[in-house]
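Secondary and tertiary structure notes
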Amino acid sequence: MASPSVPHPYVRPPRAGAVPLVGPKELLAQLYGDHPPLPVDIRPDGERARARLPGDRHLPLDRLPTEFGGLPRDRPLVVYDHTGFRSRQAAEFLLDHGFADVAALEGGIEEYARVADPTVGRYSDDGQGAELVVRQLPRADTGCLSYFVGDPVARVALIIDPGHDVTPYTGALAVGHWKLAGILETHTHADHLAGHSALHAATDAPIYLSRRSPAQYPHRSLSEGEAVPFGSQEVVVLETPGHTRDHLTLRVGGQIFTGDTLLLGSCGRTDLDGGSPDALWESLQDKVLRLPESTEVYPAHYGAHHALPDRYVSTIGFEKAHNEALTQPDRAAFLKYMTEGWPPKPKDFDRIVRANLDG
Ligand SMILES: [Fe+2]
């Protein structure tokens, strides 16, 4: 199995002086060596039911402060979680409490299953997502999120909603020797200048837009149910008007790229550039919310005034339960929510829309 050279999208690079990390392949070799470490799973019960490492010990993070005394001190410990963030906190705690040989599993069990041992289950294991790289590329100046989605075996990628500075994308492509199969816009953006034309000029990859886009520059039109292949993967199109008329939600296996149709905790406003709260309600109810609850949701924005967490992703199930727009009691309440209480329209949104449609 090929190991992608781009960093795992869920894992923050280690800081200097941080806890020791062990990589997935290194751990696999150690587990089958002469002195195997004890894997310690610090996830809650619900997550453990989805996947676990054989021969491990379960000690959830919230019980660690009171129960760490039961862990062996004469054996190396490798602490793990889903994606490698909380396990560092746990490893740091154990090192602070006198355990001499502790490491955290880099990338967590998700990365371990992906690059070291495919017999270990993955959270989103539906047979389609097992060979996929998803990199989230935030733009701190605008609070926008772009995505690099690639087949790591074929080294073929797509870029979704690129920003006007395309160096992060061309850099990622060059470093990993990726071929770019397409540039996709989820919709005509009104809040930032898009980078599709600059990225097309740099790579010659085609630009894909909704058939409803009024854009005049050369592009390929996408309709409901169409698929764009990249390597052995494909992105499937759902037409989800509401935030704009030309909005698409893009599905790759168990992941959806929702643009501004569905944000984490909210939905994109519907009062700019041909938006419609009625259309948004129907797009959500008829399409997006009918996907499996485990479907991972990757939005086009994060709160500009909030710190970006390591992993800005949610699930359909979580959003159904917690999203402020989705938990309105009925259609009428949703329409009221989407039409009242929003901040003033951005001053220059129509100029940005025109610029994005011109190229
Ligand atoms: Fe938008």
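Rules of the game
- Residues numbered from 1 in each chain as written.
- Predicted model: local features only at pLDDT ≥ 70, side-chain atom pairs only at ≥ 80, totals over all residues.
- Helix = DSSP H or I, 4+ residues; strand = E, 2+ residues; numbered from the N terminus.
- Rg over C-alpha atoms; globule rule 2.2 N^0.38 Å.
- Buried ≥ 20, exposed ≤ 12 C-beta atoms within 10 Å, placed from the backbone.
- Contact = placed C-beta atoms within 7 Å.
- Pairing = 2+ DSSP bridges.
- Arc of directions from axis to C-beta.
- Axes fitted to C-alpha atoms, helices over the stretch in contact; angles between N-to-C directions.
- Domains from an automatic or database assignment.
- Core = buried A, V, L, I, M, F, W, Y, C linked by C-beta atoms within 7 Å.
- Parallel < 35°, antiparallel > 145°, perpendicular 65-115°, else oblique.
- Nonpolar A, V, L, I, M, F, W, Y, C, P; charged D, E, K, R; others polar.

Regarding the overall build of the protein
- A count of helical and extended segments in the protein gives eleven helices and 17 strands.
- Whereas a compact globule of 359 residues would reach a radius of gyration of roughly 21 Å, the protein reaches 22 Å, a difference of no more than 12%.
- Seen through its C-alpha atoms, the protein measures out along the principal axes to roughly 65 × 45 × 35 Å.
- Counting only residues that meet the buried cut, the protein has 42% of its 359 residues in that class.
- Excluding contacts between residues fewer than 6 apart, the proportion of contacts in the protein whose partners are at least 24 apart in sequence is 62%.

Overview of the pairing of strand E14 (residues 248-252)
- For E14, the buried fraction is high: five of the five residues fall into the buried class.
- Both faces of E14 are covered, namely the face carrying Leu-248, Leu-250 and Val-252 and the face carrying Thr-249 and Arg-251.
- Here strand E13 (residues 233-239) runs beside E14; their pairing, made up of four bridges, is antiparallel. Counted as the bridge partner of Val-237 is Leu-250 from E14.
- As paired strands, E14 and strand E15 (residues 255-259) are joined by three bridges and run antiparallel to one another. Within E15, the residue paired with Arg-251 across the bridge is Ile-256.
- Hairpin geometry of E14 and E15 is characterised by an intervening segment of two residues between the two adjacent antiparallel strands and by a positive phi of about 55° at Gly-253.

Some details on the pairing of strand E12 (residues 227-230)
- Across four bridges, E12 lies against E13 in antiparallel orientation. Opposite Ala-227, over in E13, you have Val-236 as the bridge partner.
- In sequence, E12 turns back onto E13 through a hairpin of two residues, with Gly-231 there showing a positive phi of about 60°.

Here's the deal with helix H6 (residues 167-175)
- Every buried residue of H6 is listed here: Tyr-169, Ala-172 and Leu-173. Summarising the axial view, the buried residues of H6 lie within an arc of 100°, below the 170-degree limit, and thus occupy one face. Across H6 from its buried face, at more than 90 degrees, point the exposed residues Thr-167, Gly-171, Ala-174 and Val-175.
- Against the buried residues of H6 lie strand E6 (133-139), strand E7 (144-151), strand E8 (156-160), strand E9 (179-184) and helix H7 (196-203).
- Trailing H6 by a residue or two, His-177 shows a phi angle of about 55°, which is positive.

Concerning the environment of Leu-222
- For Leu-222, the location among the structural elements is in strand E11 (residues 220-222).
- By C-beta crowding, Leu-222 is classed as buried, having 25 other C-beta atoms within 10 Å.
- C-alpha separation for the pair Leu-222 and Pro-138, spaced 84 residues apart in sequence, amounts to 25 Å.
- Dropping the residues within four chain positions of it, Leu-222 is found in contact with Tyr-208, Leu-209, Ser-210, Arg-211, Val-237 and Leu-248.

Some details on the sheet that holds strand E10 (residues 207-210)
- The strand order across the open sheet formed by six strands is E6-E7-E8-E9-E10-E11, and the pairing between neighbours is mixed. In this open sheet, the two edge strands, each paired with only one partner strand, are E6 and E11. Direction aside, the axes of adjacent strands within the sheet are offset by 25° on average.
- Pairing of E6 with E7, which is carried by seven bridges, proceeds in the antiparallel orientation.

Some points on the domain arrangement of the protein
- Entries for the protein in the domain assignment read domain 1 (21-115) and domain 2 (133-358).
- The C-alpha centroid of domain 2 is placed 35 Å from the C-alpha centroid of domain 1.

Some remarks on the nonpolar core
- Counting residues in hydrophobic clusters, the biggest one holds 53 residues, and the most contacted among them are Tyr-147, Val-149, Ala-157, Leu-158, Ile-159, Ile-160 and Leu-250.
- Per element, the largest residue contribution to this core is five residues, and it comes from E7.
- Every residue in contact with Tyr-147, bar those within four places of it in the chain, is listed here: Val-134, Arg-135, Gln-136, Leu-137, Ile-159, Ile-160, Asp-161, Phe-257 and Tyr-298.

A word on the sheet that holds strand E1 (residues 21-22)
- Strand order in the open sheet formed by five strands is E1-E5-E4-E2-E3, and the pairing between neighbours is parallel. Of all strands in the sheet, those with a lone pairing partner are E1 and strand E3 (57-58), marking the two edges.
- Both strand E2 (residues 38-41) and strand E4 (residues 77-80) contribute to a ladder of four bridges, which runs parallel. By the bridge assignment, Pro-39 is partnered in E4 with Val-78.

A few points about unusual backbone geometry
- One non-glycine residue with positive phi stands out, namely Arg-155, at about 60°.
- With a phi angle near 55°, Asp-161 is a residue other than glycine that sits in the positive phi range.
- Note on placement: Asp-161 falls in the loop between E8 and H6.

A look at the packing of helix H1 (residues 24-31) against helix H5 (residues 108-115)
- At a closest axis distance of 9 Å, the pairing of H1 and H5 adopts a crossing angle of 80°. The orientation of H1 relative to H5 falls into the category roughly perpendicular. Here Pro-24, Lys-25 and Leu-27 of H1 come into contact with H5, specifically with Glu-111, Tyr-112 and Val-115.
- Classifying every residue of the contact of H1 with H5 by side-chain character gives four nonpolar, no polar and two charged.

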